[in-house]
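Results of the structural survey
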Amino acid sequence: MKKKLIALFFLNFLFLTWSCTDLDEEILDETNASGLTDKQAADGILAPVYARLPDVFLHTAYFAIQEITTDEAILPYRGGTDWGDNGIYIELHKHTYTSTNANVRNTWNVVLQGISRAITAINSLPSLNDPSVNTYIAEARGMRAYYSMLTLDLFGLVFVKDDLGATSKILRGTEAFNYVRDEFLAVEPQLDPSVGPGRLSKGAVWGLLARLYLNGAVYRAPYSATFAFPQEDMDKVIEYCDKIIGSNLYTLSRDYFSIFNDENHTNKELIFAVDQRADLNGHNRLAYFSLSGDQFPLPAFPAANGTDGPGITSDFYQTWAQAYAPADPSVDPRFYQQNLSIYSNPADSCVDGASFRINRGILRGQQYGLIRRNGVFLKCADGKFKVGPLFHDTRNKPTLAVDFTERIDFTVEGSNYNTGYRVEKYEFSKKSASGRNFGEADIVIVRLADIYLMRAEAKLRKSGDAASALADVNTVRASRNLTTPPPALTSMSLDLLYRERGFEFYWEMLRRTDMIRFGKYEGTWTEKDNTDKNKRVFPIPQTAIDGASNIPGYLVQNPGY
Amino acid sequence: MMKILFLNLHFIKYIKNSLIRGICLLWIFMPGRAWAHAALPSETDVLAWVVKGRVTDANTSEPLIGCTVQIKGSGQGVVTDFNGDYSIDVQDQNAVLVFNYIGYQEIEEPVNGRTEINITMSQSVSELSQVVVIGYGSATKKDMTGAVKSLKAAEFNKGIINSPEQLLQGKVAGVNVTSASGEPGSIQSITIRGPGGVRSGSTPLFVVDGVALDNSSTGGATNPLNFLNPQDIESIDVLKDASATAIYGARGANGVVLITTKRGKAGTSILNYSGSAGLSTMANPLEVFSADQYRIEVPKVGGVLEDLGADTDWQKEISRRALTHNHNLSLSGGADKLTYYGSLGLQSQEGILRKSQLNRYTGRININQKFLDDRLDLDLNLNATNTFNYRPPIGALIGGAISANPTYPAYDAQGNPYRYAAGTNPLITLNLEKDVTTINRVLGNISPSLRITKNLRYKLNFGIDNSTSARDIQSLANAVPQQDGRLETVNIYNRNKLIENYFTYTLTKTDYNLSAVVGHSYQKIFLQGRATSINKFPISNIEPQYNPGLGQELTLANNKPTGYAIVNELQSYFSRVNFQFLDKYLVTATVRADGSSKFGENNKYGVFPSFSVGWRLNEEPFFESLPFSEFKLRAGWGQTGNQEIPSKITQPLFTSQVSASTSYPLANTGPYPAGTSYSRLANPDIQWEVSTQTDIGLDFGLFNGALAGAIDYFNKKSGKILLEVIPADPVQPAGTVWTNVADMTVTNSGLELDLQYRKTLTRGLSYYLGGNITFIQNNVENSPYTVIPSGSASGSGLTSATINGYVNGNPIGTFFLKEYIGLDDKGLSRFRDVDQDGIITDKDRVALGSALPKQMFNLNGGFSWKAFDFSANLNGVSGNKVYDNTANSNFYKLRLSKGINTTAEAIAEPKESINNSAPVSSRYLKDGSFVRLNNLSLGYQINTEKLGIRKWVSALRVSLTGENLLLWTKYDGYDPEVNTDRNINGVNSYGIDYLSYPKAKSFIFSLNLTL
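Residues numbered from 1 in each chain as written. Chains lettered and ligands numbered in written order. Predicted model: local features only at pLDDT ≥ 70, side-chain atom pairs only at ≥ 80, totals over all residues. Heavy atoms only, no water.

A few words on the overall build of chain A. Regarding its fold elements, chain A presents 18 helices and 16 strands. Taken against the 2.2 N^0.38 rule, which gives 24 Å for 561 residues, the C-alpha radius of gyration of chain A at 27 Å falls within 12% of a compact globule. On the principal axes, the C-alpha backbone points of chain A span a range of 110 × 65 × 45 Å. Scored against the burial criterion, the 561 residues of chain A give a buried share of 63%. (Helix = DSSP H or I, 4+ residues; strand = E, 2+ residues; numbered from the N terminus. Rg over C-alpha atoms; globule rule 2.2 N^0.38 Å. Buried < 20%, exposed > 50% of the residue type's maximum accessible area, 1.4 Å probe, protein only.)

Next up, the structure:
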């Protein structure tokens, strides 16, 4: 009996446990948003569309491919130990980049993800019932057009799809241009004029349309020997610039560097920008990238330094030097702003922590700053911070001064830690504990000065109206009048306008596009002698080509790669 | 090295298993007695007389010397003397003497009132009668048709052992065990017959006493299998080919390792204590310049010599002579209805780097009880382990030590670590940073088995494997160098439940035997992890880990808690039939249907069949004249799967959270919206990787089994390779999607040879010699990808370079690099311009060999003479390369010219410019072949009879083991056996050495005592 009971017990156990599972996967740690109001849901769908922007505007993404490929920035293998990175920065500058370049791939990945998020938003927002929805849909669609404009500019193509599950249609040339244009035009009426600069406003789309038309000739036929800029395009540029200027929503900033300060979100010159917040999405890479590893800009953070990244080429520097000779280019307040008086008054070697600010603009020669020993900053007897000439201590070169030279190139001497004039345009975020994180400044995408200079260019290109162009350029120059403004120019030409764009927008990630439009990209400058026109358009990353290999003929590599 | 030898008590534990010791056990078995503890003689049956006799070898008639002759139950026993004679008091005329001599067939001899019993013993053909655990059952070696290797405890590697993989290293052909580094308890990467995929998840399935483990990390940086006390392990069976592993279906593709722990034996009661103490030192320090050399070399390369006058060996400063001690107490025994094994173990291991420590406390109880006239048989196994791991900041410590100026003093006049301006003294870092993990793991299972009819048995197996871990990563606040202090705490919880039901049907007839298994298995695995952190601790004596509340800063950007939780379910139906005809024709067929919650909606279940045959030719008449005791041909084919893929990849993911990459300010003020983003693409078609394996093998035994071996040819082709790939249309919410790559295959094929020779000579001398060799080739085919990169380089200036790259026609683990071809006239590096376009780009990378060895070999041997025994174990690999990322980022001329210390490698090229940079290239790709004398052991069996303590101590053995004594290699890093994990998106890296924890050389003194 007992045996039978036990046997029964086990058989029972058997059948109990035999009961099958359906093997449905249970998800425990991933949220599906629920219980949200329509407004919250709409916010939650729109925010991710913009949220890719800080990563697009990284030093190792869009910045690298828009600036290091040009005469504005060069990044050698520093001292043979830093920024070697498998040669990716050298190949960008020499125009020998290939489809495996990590900077190109990084940019591609985030921009395309932005497009995909926009498609998701365009599809999901209409089901929500909130007054903001129409504007949001327009913003999402407008952002898809903006991201597409980036792929058109960088890779010569756009991906068109409305249904996330479908396979995108790939357009190039005129079709691609038209697609971006039509998308912007379609959303423009629904956009809110007052949501900028962090979001896509009416003004932002006007600015982007002006930029699109200005580059229309390039986008339609990127490999042309010369670009013929159609009058209609130029009329459109002027039309949209006029709209912005006439809207009176934006003002040129009197203080040039305040456009790039931590608090620039309220600067009226900004039309469209990446809204960075230290406690959410901000990075300080644009401010830290070029500084020396022995420059410590923040008394509060002895771990926050630079990295001896890129400097400007001597060719670019010479455009400044020659423009202002015999005066020093620092007569232009856009070139340089001294914040530490020790540079002009060597006796002032003790600085109160609260008022310590490093200099801005293009940094040349011996640098001064906080002196770090054994992980702490030296102090004066009165408790203030000691400031003095800097040396490459962190590079194990304590006798090599942080003395930035005009020369910077890929030779051994030109690659040393101290070579090249550096750029500190964005303020080094006061919250950046590591120097890399917690950026605060909005990163400019479109600002009013660009509108003036685009209008000037369009006028020149359309009808050679140098007088109007000169007026626009000088309006911008004269506006920087917190200190002595740069002197007014007396004549105007495309070459002078190109030079002026360099002065006004250096390191603002416009240079490659400008160089191509002005026919300068195949020129030669420091370490760059490749004249291959195919390099105007970047290669599609090899990873994407490989990924698409199962659909023959779908994603075709750009010519020359 | 052998300056101090520690003598510690260490009991004989593995008497039965020692092949070389030659201990003869004489058991007295008393029929009718139920309980062993009742086997003490009672007053009434005292009728003692002396039985004498001689034990000799049946073939040579030589006396068998040093045999322990024991009266079991009473604890009485003797050892045969140099003439093989014994003399023992017997108290029961019905007693049965059981002669049990390792390497010889056991003999049971009833006393029947005799006073002289001479015994001749034959060497057992033990290989054939050896029982092999095969998953849901066991079989004798001679009936096996699959490629299986069984290792008993005596054959295990000796030394300081943390995990079962180390016991196996080199012992099984086709099995490659590589420790990631020399850190105590470090991750061991183990592959059986090569990696079948490009991702992680090529680890075999481990099954402990019938419970399939999950290979997930249990927390910290150590191997999750460290929880098993090696001293509790009775045997390890490695299932290699598909015909053996198909019973584990979707988890069999990487091979299966079955671990069986020790059990008690009816009629015995053994108390065993073993203790050992070992001393370890850094085996091969890097030869960086000494202070004197540095003073000469730095100015020579144009550097500015900063000479503070000291002579510091920084590697010595950060390392130490480390002590490991191990104590084990086990008791085992039982009667015919109940047997038990219980043990407590403690291992406290110091790492050779200062402050590096691994402590393990284990407890185990294994019980077997029979009920209902032995119809019901119940096994209960319970293991509990506590592991404590203290890790110093290893990379910073080693990186600091090999580059620090040797003329700097290590300490200042006050005895504090010397502060130098350039860089940080690694000893300061050592004091400020720590990483401590405590893991508790309990594994238990209960498996009743009921004999329903004579031929039919039902078995239930219910197991639970539960672990929790807490890891604290702590930085102390400090003034100089200034840092704020931080505490990060990570908690991990793993739960693994298994329930299995199966029936076994056995039919034994004169001409044939049949055995069949059919069953069902259900397993549920739950994994959870959580991490929190807090910043800005004040400078104080209180460590943040003891009072996290002292932290002053908690921000969402800096201290956002993170976590994950995953549930996986597996459900399987399995069946196996073994058929044996005339003891010479063998057939095995297996099928398992596996379902996993990880698989897509359209592919929930997979079916994994296998079929194999064996032919024992030695049983055929035409083989009679040949000297083979065994000659078995085997052939098998089967399919197995690999379901070790991330969870949830078949499901889409919408997350809604405030994070840098998903949220964005939509207003000037106020909280940020939780961004709802679609971050993973669903792929409902996802399924397991399938590996199809063919194995042809030959098992042979010669000279009555003295020479035994096996040869296996295998071909394992893995398809439906799982990869995280970029979709054709790049406009996707997530950049990648998991998929089974169509047509892509990874093939492992090779030849394994295993040989073992044993010989007993006259005068108590016996020896053995054995070894194995594996020739293996791995090949990737039909990959649609130009290159699948892995192995991201480390070190300044090397970011974004990759070291490994898997391309068609080359193996996994391939190094895909620019080829260094010497220096130009300016002393700068030149690289081969493969595509001849005049510039060196990524397109000039070529496949330059693989980290996977082409040959692996092991040689072991030993002898015993009277009470002495000796064994040695050599193992090695060849045909592989190692990428010396440490040298790449540290040892080049430019650094030396900056006063950073290097090895002589930096000045090997006199022509080299001091400004030459060192990008990732074949220049730092080095030959990884090596031969290691990894074990040398000398033991002595103390005659307790002569000491007069026989009554108290039945066996006493002392031994000295040397571990990692010699290493022959061209590699000039710490050790060529290294594998720093530098995976990219889950694609495994292989053979990269970057600031790896150096390996130790150890001497261990042990003393074993058995009551």
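Further remarks concern the state of the cysteines. Residue and element names in this part refer to chain A. Following the criterion strictly, the structure yields one disulfide over all chains and no others. Two residues, C350 and C380, share a disulfide whose sulfurs are 2.0 Å apart. Of note, the bridge from C350 to C380 carries an S-S torsion of about -100° and is left-handed in sense. Taken as a pair, C350 in strand β5 (residues 350–351) and C380 in the loop between β10 (376–377) and β11 (385–389) lie far apart in primary sequence, 30 residues in all. (Disulfide = S-S within 2.5 Å.)

This next bit is on the sheet that holds strand β47 (residues 881–884) of chain B. All names here are of chain B. Across the sheet, three strands lie side by side as β48-β47-β51; this open sheet has mixed pairing. The open sheet has two edge strands, β48 (925–927) and β51 (992–993), and neither has a second partner. Across two bridges, the pairing between β47 and β51 is parallel. Residue Y883 lies in a different strand from β51, and its bridge partner there is I992. (Pairing = 2+ DSSP bridges.)

This part is about the sheet that holds strand β15 (residues 422–424) of chain A. All names here are of chain A. Across the sheet, three strands lie side by side as β4-β6-β15; this open sheet has antiparallel pairing. This sheet does not close on itself; its edge strands, each paired only once, are β4 (336–337) and β15. Where strand β6 (residues 360–363) lies against β15, three bridges are found, and the strand directions are antiparallel. Bridging across to β15, G361 finds its partner in E424.

What follows concerns the pattern of salt bridges. Residue and element names in this part refer to chain B. Counted according to the given criterion, the structure contains 91 salt bridges over all chains. With a closest N to O distance of 3.0 Å, E689 and R199 form a salt bridge. With E689 in strand β33 (residues 689–702) and R199 in the loop between β13 (188–192) and β14 (205–208), this pair connects stretches of sequence that are 490 residues apart. Neither E689 nor R199 differs from the other in exposure class; each is buried. The salt bridge involving R932 is made with D975; its shortest N-O contact spans 2.9 Å. (Salt bridge = Lys/Arg side-chain N within 4 Å of Asp/Glu carboxyl O.)

As for its placement among the helices and strands, L956 of chain B is situated in strand β50 (residues 955–969). Considering only alpha carbons, one finds L956 of chain B and S521 of chain B, 435 residues apart in sequence, at a separation of 45 Å.

Across the boundary between the two partners, chain B contributes 105 residues, which contact 97 residues of chain A. If you sort the residues of chain B by the area they bury against chain A, Y664, L666 and V731 of chain B come out on top, with a joint share of 10%. Taken together, the connections running from chain B to chain A amount to one salt bridge. Salt-bridge contacts for K161 of chain A lead to D729 of chain B; the nearest nitrogen and oxygen are separated by 2.9 Å. Scanning the region where chain B abuts chain A turns up 30 residue pairs in polar contact (both at pLDDT 80 or more). Element by element, the count of residues in the side of chain B that touches chain A is highest for strand β27 (residues 562–581) of chain B, at nine residues. For the side of chain B that touches chain A, the residue count by class is 55 nonpolar, 34 polar and 16 charged. (Contact = heavy atoms within 4.5 Å. Buried area = accessible area lost by both parts, 1.4 Å probe. Polar contact = N/O pair within 3.5 Å; in protein donor to acceptor, adjacent residues only side chain to side chain. Nonpolar A, V, L, I, M, F, W, Y, C, P; charged D, E, K, R; others polar.)

This paragraph deals with the environment of Q66 of chain A. Residues and elements named next belong to chain A. Looking at the secondary structure, you find Q66 in helix α4 (residues 62–67). Along the chain, Q66 and L154 lie 88 residues apart, while their C-alpha atoms are 8.7 Å from each other. Side-chain polar atoms of Q66 contact the backbone oxygen of M509, separated by 3.0 Å.

The subject of this paragraph is the packing of helix α2 (residues 38–50) of chain A against helix α6 (residues 102–124) of chain A. Residues and elements named next belong to chain A. Where α2 contacts α6, the axes come no closer than 8 Å and their chain directions differ by 160°. Here α2 lies roughly antiparallel to α6, going by the angle between them. Crossing of α2 against α6: the hand is left-handed. Seen from α2, the contacting residues are I45, P48 and V49; seen from α6, they are R117, A118, A121 and S124. In the contact of α2 with α6, the residues fall into five nonpolar, one polar and one charged. (Axes fitted to C-alpha atoms, helices over the stretch in contact; angles between N-to-C directions. Parallel < 35°, antiparallel > 145°, perpendicular 65-115°, else oblique. Left-handed = near helix turned anticlockwise from the far one by under 90°.)

In this section: the packing of aromatic side chains. Counted by the stated rule, this structure contains 53 aromatic pairs over all chains. Relative to F335 of chain A, the ring of Y317 of chain A lies with its centre 6.1 Å away and its plane at 45°, an arrangement referred to as tilted. In this pair, Y317 of chain A sits in helix α13 (residues 314–324) while F335 of chain A sits in the loop between α13 and β4, placing the two residues 18 residues apart along the sequence. Side by side, Y317 of chain A and F335 of chain A carry an identical accessibility label, which is buried. Among the aromatic residues, those joined into a cluster by ring pairs are F316, Y317, W320, Y324, F335, Y421, F503 and Y506 of chain A. Stacked on the ring of F385 of chain A, the Lys or Arg K379 of chain A has its end atom at 4.8 Å from the ring centre. When the ring centre of F227 of chain B is taken as reference, the NZ or CZ atom of R441 of chain B above it lies at 4.0 Å. (Phe/Tyr/Trp six-rings, centres within 6.5 Å; stacked < 30°, edge-to-face > 60°. Lys NZ or Arg CZ within 6 Å of the ring centre and 35° of its normal.)

Turning next to the confidence of the model for chain A. In this model, chain A carries a mean pLDDT of 93, and residues with pLDDT of at least 70 account for 96%. Note that pLDDT drops below 50 for residues 15–19 of chain A; the model gives that stretch eight contacts with residues more than four away or on any other chain. (pLDDT = per-residue confidence, 0-100.)

This brings us to unusual backbone geometry. Residues and elements named next belong to chain A. Here the amide bond leading from A325 into P326 is cis, since omega sits at 5°, within 30 degrees of zero. Here P326 lies in the loop between α13 and β4. Even without being a glycine, N396 presents a positive backbone phi close to 60°. With respect to the helices and strands, the residue N396 is situated in the loop between β12 (391–392) and β13 (397–401).

Let us now look at the confidence of the model for chain B. This prediction gives chain B a mean pLDDT of 87; 92% of its residues lie at or above 70. In the predicted assembly, ipTM is 0.93 and pTM is 0.86.

Moving on to the pairing of strand β19 (residues 322–334) of chain B. All names here are of chain B. Two strands pair when backbone bridges link them, and strand β18 (residues 268–282) and β19 are joined in this way by 13 bridges, in the antiparallel orientation. Following the sheet pairing, S276 is matched in β19 by N326. By the bridge criterion, 11 bridges tie β19 to strand β20 (residues 338–350) in an arrangement that is antiparallel. Opposite T324, over in β20, you have Q349 as the bridge partner. A loop of three residues connects β19 with β20, the two strands running antiparallel in sequence.

Residues and elements named next belong to chain A. If you check helix α8 (residues 173–187), its first and last C-alpha atoms are 22 Å apart, about what 15 residues at 1.5 Å a residue would give, namely 21 Å. Here α8 has its buried residues at G173, A176, F177, Y179, V180, E183, F184 and V187. Within α8, the buried residues cover an arc of 160° as seen down the axis, which keeps them to one side. Contacts made by the buried residues of α8 are with α7 (133–155), β1 (157–160), β2 (169–172), α9 (202–214) and α10 (216–220). (Expected span 1.5 Å × (residues − 1). Arc of directions from axis to C-beta.)

Let us now look at the nonpolar core. Membership of the largest hydrophobic core comes to 175 residues, with the highest contact counts inside it found for F57, Y146, Y147, F184 and L555 of chain A. At 14 residues, the largest contribution of residues to this core is made by α7 of chain A. Excluding residues within four positions of it along the chain, L555 of chain A makes contact with W108, L157, F159, I170, I540, A544, I545 and A548 of chain A. Counting residues in hydrophobic clusters, the runner-up holds 59 residues, among them V198, V741, V780 and V846 of chain B. (Core = buried A, V, L, I, M, F, W, Y, C linked by side-chain atoms within 4.5 Å.)

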